[in-house]
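Chains, contacts and geometry: an overview
So you can see what is in the structure, the chains are spelled out below.
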Amino acid sequence: MPLQTLSDVDAVVIGAGFAGLRTIHALRKLGLSMQVFEAGTDVGGTWYWNRYPGARTDTESWAYCFSFDREGWEEWDFRERFSAQPDTLDYLRHVADKHDMRKHIRFSTRVTGATFDENTNRWTVVTEDGLEVSCRWLITGLGWLGVAFKPPFPGADSFQGEYYSTSQWPHEPVDLAGKRVGVIGTGATGVQVIQSVAHVAENLTVFQRTPNFVVPTRNHALSPEQKAELSRDYETVWDKAFKHVFGFPMESPERLGSELSDEELEKVFEAGWEAGGFRFIFETVDDLLVDQRVNDTAAEFVRRKIRTIVKDPHTAELLCPTTHPIGGKRPPLGSFYYETYNRPNVSLVSVREDPIHEITPTGLRTASGAEYELDVIIYATGFDAITGPLSNLDIRGVGGRTIAEQWADGAKMLLGLSAAGFPNLFTILGPQAPFASHPPVIETQVDLIEKILERALAEKATRVEATPEGVEAWSDQCDMILKATLLEQGLGDRPWFLGANVPGKKPSTLCYLGGLGNYVTAVNQEVEGGFSSYVLDAAPVLA
């Protein structure tokens, strides 16, 4: 397709979700021209594409938003403790409209690649529909979960019923009433889909490879009194969030489970279970992910809950995780998830020992020959997470090396933001960014980008690049922290946050697990140290 050249800009931003919108705000403050490309027809990113039944945040709504606009935060109507997808999408639309951001965004435009020119220190960005634009700074806001992984089941194209991927759910309503529905996958997305679809399907069959430790949300509508209290607590909410290990507005328990008796641990975990959300993980004890006894006690606590809730003993045991510690796979939140299996129209099939062999015209068949007739198949089979959104683009840095080639043996990124050999590229939520609630991570990273670009503009630098030493030091720190936890014990269950869920993808340390609070400290040290992990080149370049 012939290319249509757009006017040169200072910066190109890919994506108009949380990261893209926050970047628009930062680039405006610097007075830089920009072009934002968004593949969807509206803002929202993850919350535009993931509109499947039951989609909901698992961060409390008042912290799953932006902190930079206090007025907007105080005036927004947070309706529930955990916002449903339509409410989160409406919030992002509201931010874009209030701050007149849409004028910078070209919608329905998918970027396919970008090439760095070492003579001019500029990127050339190309799109699927034949657009080309040159920029000094290239900033990606693609998120972690932008590339769905659909296992290559033989015969998938032969299925004569309806089939859907949760990450590309239709915009128009999908009628599942009175139908035989099969859901493949029981990760965080699958859990949300299952507990929603169960209410409308005539029969729901869940195909589970690995059971997860699902903790209750305790979601509820927010009362006027709660909303008024929130509006008074802006500083407290965000102070807690930016200091918290996972970016939540929670207090550290400042209590070690290793110092508690079994009876004391039981009481602590019971309180966390009743509090709902990730408070079971983060407000009970500080050593849940590093102390084997404490983790084992918490795991058995959840298994007892499952056996108490689920009436059929065989189903209950299938739902009990036994092959990874809590945290070894990302724990989902559920709203009466285990109770769903008490419904007469819901059945659970374990495909761990009897895997799916093929999709047939009328359903699916497992390796043992068991056949399941279905009208609808819903794939909730996860993502080529963290690296996938970037490595699926043809991004070429110094010497024409692609970012996918550089990451073949494991991705390494300074602060989850910058790679050696890819000057003037900033990857918001790139590999080795904090494993934490995304909005405060995004704001922290964009603040750093803003400060780097402010320094570059002041020094008339045309090239900013992470040093190999800086990248290695940060990556080594990520590895060290991972090995200090119990999380690698879950590798056999293919956790996506270690890159273990996609065949052929080498497992590696894809996240910084030291907590958002420590990450904020590391970012501040980088700024106060004069960006010592970067080289800012102010030398003139060839015309």
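Here's a quick rundown of the structure. (Residues numbered from 1 in each chain as written. Predicted model: local features only at pLDDT ≥ 70, side-chain atom pairs only at ≥ 80, totals over all residues. Heavy atoms only, no water.)

1. Some words on the pairing of strand β23 (residues 534–537)
Residues Tyr 534 and Leu 536 line the buried face of β23, whereas the alternating positions Val 535 and Asp 537 sit on a face that is not buried. As paired strands, strand β21 (residues 463–466) and β23 are joined by 4 bridges and run antiparallel to one another. Bridge pairing in β23 links Glu 465 to Val 535. (Buried < 20%, exposed > 50% of the residue type's maximum accessible area, 1.4 Å probe, protein only. Helix = DSSP H or I, 4+ residues; strand = E, 2+ residues; numbered from the N terminus. Pairing = 2+ DSSP bridges.)

2. Focus: the sheet that holds strand β14 (residues 356–360)
If you trace the 3 strands from one edge of the open sheet to the other, you get β14-β15-β16, paired in antiparallel fashion. Strand pairing shows two members of the sheet lacking a second neighbour, β14 and β16 (371–373), which therefore form its edges. Pairs of neighbouring strands in the sheet enclose a mean axial angle of 20°, with direction left out of account. Inspection of the sheet shows β14 paired to strand β15 (residues 363–366) by 4 bridges, in the antiparallel sense. Paired with Glu 358 across the two strands is Arg 365, which belongs to β15. (Axes fitted to C-alpha atoms, helices over the stretch in contact; angles between N-to-C directions.)

3. Some details on the packing of aromatic side chains
Tallied over the entire structure, the rule returns 36 aromatic pairs. Pairwise contacts between aromatic rings join Trp 144, Phe 246, Phe 248, Phe 278, Phe 282, Phe 435, Trp 496 and Phe 497 into one cluster. Between the NZ or CZ atom of Arg 51 and the centre of the ring of Tyr 48, over which it lies, the distance is 5.2 Å. (Phe/Tyr/Trp six-rings, centres within 6.5 Å; stacked < 30°, edge-to-face > 60°. Lys NZ or Arg CZ within 6 Å of the ring centre and 35° of its normal.)

4. With respect to the pattern of salt bridges
Within this structure, the stated rule accounts for 41 salt bridges. Among the ionic pairs, Arg 330 bridges to Asp 58, the shortest N-O distance being 2.2 Å. One end of the pair, Arg 330, is in the loop between α11 (313–319) and β12 (333–334); the other, Asp 58, is in the loop between α2 (46–49) and α3 (70–75), and 272 residues separate them in sequence. The residues Arg 330 and Asp 58 share a single accessibility class, namely buried. Close ionic contact of Arg 303 with Glu 300 constitutes a salt bridge, the shortest N to O distance being 2.9 Å. In this pair, Arg 303 and Glu 300 both sit in helix α10 (residues 292–309), 3 residues apart, roughly one turn of the helix. Each member of the salt-bridge network shares a partner with another, and the members are Asp 42, Asp 90, Arg 93, Asp 97 and Arg 102. (Salt bridge = Lys/Arg side-chain N within 4 Å of Asp/Glu carboxyl O.)

5. Remarks on the environment of Asp 375
Among the structural elements, Asp 375 can be located in the loop between β16 and β17 (376–379). In the structure, Asp 375 is positioned 214 residues away from Gly 161 in sequence and 5.0 Å away in space, judged by C-alpha atoms.

6. So, the pairing of strand β9 (residues 180–184)
In terms of burial, β9 is largely enclosed, as 4 of its 5 residues are buried. The pairing of β9 with strand β10 (residues 203–208) spans 5 bridges and is parallel. Its bridge partner being in β10, Arg 180 is matched across the sheet by Asn 203. The handedness of the β9 to β10 crossover, carried by helix α5 (residues 188–197), is right-handed. Sheet topology places β9 next to β17; 4 bridges connect them, and they run parallel. In the sheet register, Gly 182 faces β17, and the bridge partner there is Ile 377. (Right-handed = clockwise from strand over helix to strand, strands pointing away.)

7. So, the side chain of Thr 360
Following the sequence through the fold, Thr 360 ends up in strand β14. The exposure class assigned to Thr 360 is buried, which follows from its relative accessible area of 6%. Beyond its immediate stretch of four places on either side in the chain, Thr 360 contacts Ser 158, Phe 159 and Arg 365. (Contact = heavy atoms within 4.5 Å.)

8. A look at the environment of Asp 479
One can find Asp 479 in helix α16 (residues 468–483). Residues Asp 479 and Pro 331, spaced 148 residues apart in sequence, show a C-alpha to C-alpha distance of 21 Å.

9. Brief notes about the sheet that holds β17
The 5 strands lie next to each other as β8-β17-β9-β10-β13, forming an open sheet whose pairing is parallel. Strands at the two margins of the open sheet, each flanked by one partner only, are β8 (162–165) and β13 (346–350). Across this sheet, the average inter-strand angle for adjacent strands is 20°, counted without regard to direction.

10. Some details on unusual backbone geometry
Note: most peptide bonds trans; most residues except glycine with negative phi. Positive phi, close to 50°, is recorded for Glu 254, a residue that is not glycine. When you line up the elements, Glu 254 lands in the loop between α7 (234–243) and α8 (262–275). In this structure, Phe 531 takes a positive phi of about 60° despite not being glycine. Positionally, Phe 531 belongs in the loop between α17 (516–528) and β23.

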